[in-house]
Amino acid sequence: MSVGGPVEAVLRDLTPQVLGLLVRRHGDFAACEDAVQEALIDAARQWDEVPEHPRGWLITVATRRLIDRRRADDARDRREERAFLLEPAPTTDVLDPDRGDPSAEEDDTLGLLFLCCHPDLSAPSQLALTLRSLGGLGTDEIARTFLVPEATMAQRISRAKQKLRGAAFGVPPAPERGPRLAVVLQVIYLLHTEGHTAGAGPDLRRPDLEAEALRLARLLHAELPEEGETAGLLALLLFSHARRDGRTDDGELVALADQDRSTWDHEVIAEGVALITGALAHRELGPYQLQAAIAAVHAEAPTAEETDWPQIVALYDLLLRIAPNPVTALNRAVAVGEADGPRAGLAALDASADDPRLTDHHRTWAVRAHLLDRAGDHDAAAAAFDEAARRTDSLPERRHLEHRAAALRAGRG
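Residues numbered from 1 in each chain as written. Predicted model: local features only at pLDDT ≥ 70, side-chain atom pairs only at ≥ 80, totals over all residues. Heavy atoms only, no water.

Topic: the overall build of the chain
Phase 1: Assigned secondary structure in the chain consists of 20 helices and four strands.
Phase 2: Counting all 413 residues of the chain, 50% fall into the buried class.
Phase 3: Taking contacts inside the chain between residues at least 6 apart in sequence as the whole, the part at least 24 apart equals 64%.
Phase 4: Surface summary for the chain: the accessible area is close to 19,600 Å², and the carbon and sulfur share equals 51%. (Helix = DSSP H or I, 4+ residues; strand = E, 2+ residues; numbered from the N terminus. Buried < 20%, exposed > 50% of the residue type's maximum accessible area, 1.4 Å probe, protein only. Contact = heavy atoms within 4.5 Å. Areas by Shrake-Rupley, 256 points an atom, 1.4 Å probe, with all protein chains shown as cover.)

Overview of a nonpolar patch on the surface
Phase 1: A contiguous nonpolar surface patch, about 230 Å² in accessible area, is contributed by Leu-280, Leu-285 and Ile-322.
Phase 2: Structurally, the position occupied by Leu-285 is in the loop between helix H12 (266–282) and helix H13 (287–300).
Phase 3: For Leu-285, a relative accessible area of 39% translates into the label partly exposed. (Patch = residues over 30% accessible without salt bridge, like charges linked within 9 Å, V, L, I, M, F, W, Y side chains within 5 Å. Salt bridge = Lys/Arg side-chain N within 4 Å of Asp/Glu carboxyl O.)

Overview of the environment of Leu-58
Phase 1: Checked against the element boundaries, Leu-58 lands in helix H3 (residues 54–77).
Phase 2: With a relative accessible area of 2%, Leu-58 lands in the buried category.
Phase 3: Separated by 23 residues in the primary sequence, Leu-58 and Ala-35 place their C-alpha atoms 9.8 Å from one another.
Phase 4: Not counting chain neighbours up to four residues away, the residues in contact with Leu-58 comprise Leu-11, Leu-14, Val-18, Ala-39, Leu-40, Ala-43 and Trp-47.

Overview of the packing of aromatic side chains
Phase 1: Counted according to the given criterion, the structure contains two aromatic pairs.
Phase 2: Ring geometry for Trp-47 versus Trp-57: centroids 5.2 Å apart, planes at 75 degrees, classification edge-to-face. Of the two residues, Trp-47 sits in the loop between helix H2 (29–46) and H3 while Trp-57 sits in helix H3, which places them 10 residues apart along the sequence.
Phase 3: Overall, the relative accessible area of 8% leaves Trp-47 in the buried class.
Phase 4: Taking NZ or CZ as reference, Arg-243 lies 5.9 Å from the ring centre of Trp-264, over its face. (Phe/Tyr/Trp six-rings, centres within 6.5 Å; stacked < 30°, edge-to-face > 60°. Lys NZ or Arg CZ within 6 Å of the ring centre and 35° of its normal.)

So, H2
Phase 1: Under the 1.5 Å per step criterion, the end-to-end length of H2 is 26 Å for 18 residues, consistent within 8% with the ideal 26 Å.
Phase 2: Here H2 has its buried residues at Phe-29, Ala-30, Ala-31, Cys-32, Glu-33, Ala-35, Val-36, Ala-39, Leu-40, Asp-42, Ala-43 and Ala-44. (Expected span 1.5 Å × (residues − 1).)

A closer look at the side chain of Thr-130
Phase 1: Inspection of the secondary structure puts Thr-130 in helix H6 (residues 123–133).
Phase 2: Setting aside residues no more than four positions away along its own chain, Thr-130 makes contact with Leu-113, Cys-116, Cys-117, Gly-135 and Val-187.

Printed below as a string of structure tokens:
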């Protein structure tokens with residue numbers, strides 16, 4: 001049922017928290033998710049405004065739904081004793097939804113996040129389940145991210161939830177945490193990426209996903225402050241968050257070089273700089289720290305012209321050595337073009353563009369167009385902008401790229 005305004009925002013924010021609590025208490029991921037969805041439907045139907053204790057309301061209603069469903073199943077199967085196993089603990093007796101649940105103050109989001117990244121699941125399943133459970137992405141959106149049919153993704157998510165039956169809930173101890181932490185960091189980053197530049201649709205951004213990614217990054221860093229990569233990821237997201245108001249003008253995309261830097265949140269930038277400076281000084285170097293260091297160079301430059309591009313190229317070189325990635329190579333080509341001239345940038349692009357993951361990507365064509373424009377080859381640049389526009393599913397990006405092509409053809413590029 002469609003809702004809007006404050007009610008929609010509250011339901012979106014509370015969904016992963018309520019799901020995490022139910023899974024911690026009852027352990028059946030699939031059943032808990034169904035119960036939470038039913039509670040959300042009830043809330044959308046009943047709430048004219050946000051109640052005094054919305055979290056407790058949702059927990060109570062979802063718990064009742066879960067118990068009622070399991071009791072019905074048990075009755076059919078003549079196994080009434082199983083219902084007892086799903087009864088809430090004594091501190092969570094059936095509650096008045098208007099009063100909330102005084103025992104439910106703990107935020108279980110991190111526990112849910114680590115559960116979704118359980119080692120029994122494949123990496124794609126870990127990412128897909130987390131994007132659905134914590135990011136609120138629909139199955140169709142996740143399928144598009146993974147470039148698979150929606151039915152395939154639905155089956156993958158369903159199988160993943162079934163595999164988690166009986167799995168331990170919570171942040172794992174240090175000896176087991178390494179590989180799962182890497183996936184958790186990647187999931188938060190992907191959640192932010194989808195929010196920062198929506199992969200498809202009429203909106204450039206999805207602020208709800210950006211906010212949830214930043215919230216998760218803060219929670220993770222608070223839980224694991226000794227991990228350099230948690231600090232690096234949080235700093236990276238802070239730099240992005242600080243520039244959010246400069247990225248658009250009347251709903252249209254504004255390139256980094258053209259942004260009004262007075263709109264950037266310099267207090268948030270200072271927070272990010274302090275985080276990444278401390279991490280680089282005292283922690284083992286990792287890819288999120290390096291990406292944050294690159295973002296810090298951009299954020300601290302008073303103007304686009306004063307950006308220290310040679311330092312950015314050096315940081316990209318180091319990032320490619322420790323974590324090779326085609327998108328990193330693409331971004332490095334842009335930096336080389338700024339540091340050493342557009343022809344050098346085009347040469348760097350040609351050296352990386354044979355990666356099949358980049359060949360058809362709209363960003364590859366957009367970077368080529370930008371470098372060709374800087375080199376003075378405006379006709380070829382306009383054609384490349386057209387090709388980039390054709391290949392993106394984001395309507396704001398498409399408008400921006402088409403505008404760049406039209407401006408070049410009109411002699412205003």
